[in-house]
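What the coordinates show
Below, each chain spelled out in residue letters.
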Amino acid sequence: MVFLSLLASTARSLSTPSSAIPKVLFLGTPDVAATSFKSIVEASRSSSPPFTMIGAVTQPPRHKGRKKILQPTPVHVAAEEEGVRVFTPENAKDEQFLEELEALSPDLCITAAYGCYLPKRFLAIPRLGTVNIHPSLLPRWRGASPVQRSLEAGDEVLGVSVLYTVSKMDAGPVIARVERKNDGVKPASQELEELFSMGTDSLISSLPSIFSGEMTFDTADPQDELAATKAPMIDKSEAVIDFATMSAVEVHNRVRGLELWPGCHFYVEEVSGSGPPRKVKLGRTRVIDDEEKLAGLEGRGVALLPGKGAGLGVLLADGTGLELLTVQPEGKKMMDAKAYANGLTGKIRWRQ
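Residues numbered from 1 in each chain as written. Predicted model: local features only at pLDDT ≥ 70, side-chain atom pairs only at ≥ 80, totals over all residues. Heavy atoms only, no water.

1. Details of the nonpolar core
A general feature of soluble globular proteins is that nonpolar side chains tend to end up buried together. Residues Phe26, Phe37, Leu108, Ile110, Ile175 and Ile210 are the most contacted members of the largest nonpolar core, which totals 44 residues. Top contributing element to this core by residue count: helix H7 (residues 188–212), with nine residues. Setting aside residues up to four positions removed in sequence, phenylalanine 37 forms contacts with Phe26, Met53, Ala56, Ala78, Ala79, Glu82 and Val84. If you look at the next biggest cluster of nonpolar residues, it comprises 25 residues, including Phe243, Leu316, Val327 and Ile348. (Core = buried A, V, L, I, M, F, W, Y, C linked by side-chain atoms within 4.5 Å. Buried < 20%, exposed > 50% of the residue type's maximum accessible area, 1.4 Å probe, protein only. Helix = DSSP H or I, 4+ residues; strand = E, 2+ residues; numbered from the N terminus. Contact = heavy atoms within 4.5 Å.)

And the structure:
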């Protein structure tokens, strides 16, 4: 708390507008962050007041794929395309990196899915503070997996927050929030893209007030600690779907939430009892609210539903029904449910 007070005091004393063009440093790693970076760079060319992007900080290149080819992050690639200097410290505590940053003396730092903890020494460098784009309506869903947890919980409203960064994860005062209704259909990857786009637009709209000193650490909206909820990292064990204990709504929400990684799967077996259980990954699903369709499902059966474009129907143990629109049998590509059903040699059921 002493550090937070010191940081707030520093922001107050240094937030007076300067005649110099503000210098902005960006920190991010994945594709959604690269898109945000490009939008902010574009805004810097037409912004009033103007600002300049002096660098991009991202995680180091990693070996990826079966051939273990060393690949830079999407933000790294985007920064090189824009002619912006790139920093790739192993982490933000790196002594040489912090010394370079202090010499660079950015006025404002912007983070978007950077993926590394920012130490107090880093946070003390930019005179206007560090602001973050976080894809949830804080203080709800602080942590590593906000979109995934929001979808899994079936939140009626989704959103994104722009906030000041403090030492405690996602706990700083909020500059702006943007929300919209959860449509119940889009998977996590699509929601993540849209929420980051909304958050980036909100951030860009907030920059003039940040640069002028109208918006500061003190004038931003403090979060209600009593209302805070956590969004912990996804564990691979959460991928297993149990139709015996979950409802159709719960399965549908988890499938949407865990679509990016690790995905969700269940096991099927032939009703005849022949052959070993087979793993099936779930793609797109929807809850069955048609009583006539439910009436045609029995026991643990997995059967093609009637009607054009219909998927596979599953009757869960609690009596609710789920329609599987796309599935991926083990060792094969994702396919529509009808194509999967046409390839079956007998009736199947989900395995307990």
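Past the structure itself, the notes keep going.
2. Some remarks on unusual backbone geometry
For the bond running from leucine 138 to proline 139, omega is 15°, close enough to zero to count as cis. Relative to the elements of secondary structure, proline 139 occurs in the loop between strand E7 (130–134) and helix H6 (146–153). Positive phi, normally seen in glycine, also occurs at tryptophan 141, with a value near 65°. Structurally, tryptophan 141 is set in the loop between E7 and H6. Residue classification places tryptophan 141 among the buried positions, given a relative accessible area of 12%. Here aspartate 170, not a glycine, exhibits a phi torsion of approximately 55°, which is positive. Take aspartate 170: it is sitting in the loop between strand E8 (157–164) and strand E9 (174–181).

3. Things to note about the side chain of arginine 127
Checked against the element boundaries, arginine 127 lands in the loop between helix H5 (120–123) and E7. Within the local environment of arginine 127, its side chain forms a polar contact with the side chain of aspartate 107, the two groups lying 2.7 Å apart. (Polar contact = N/O pair within 3.5 Å; in protein donor to acceptor, adjacent residues only side chain to side chain.)

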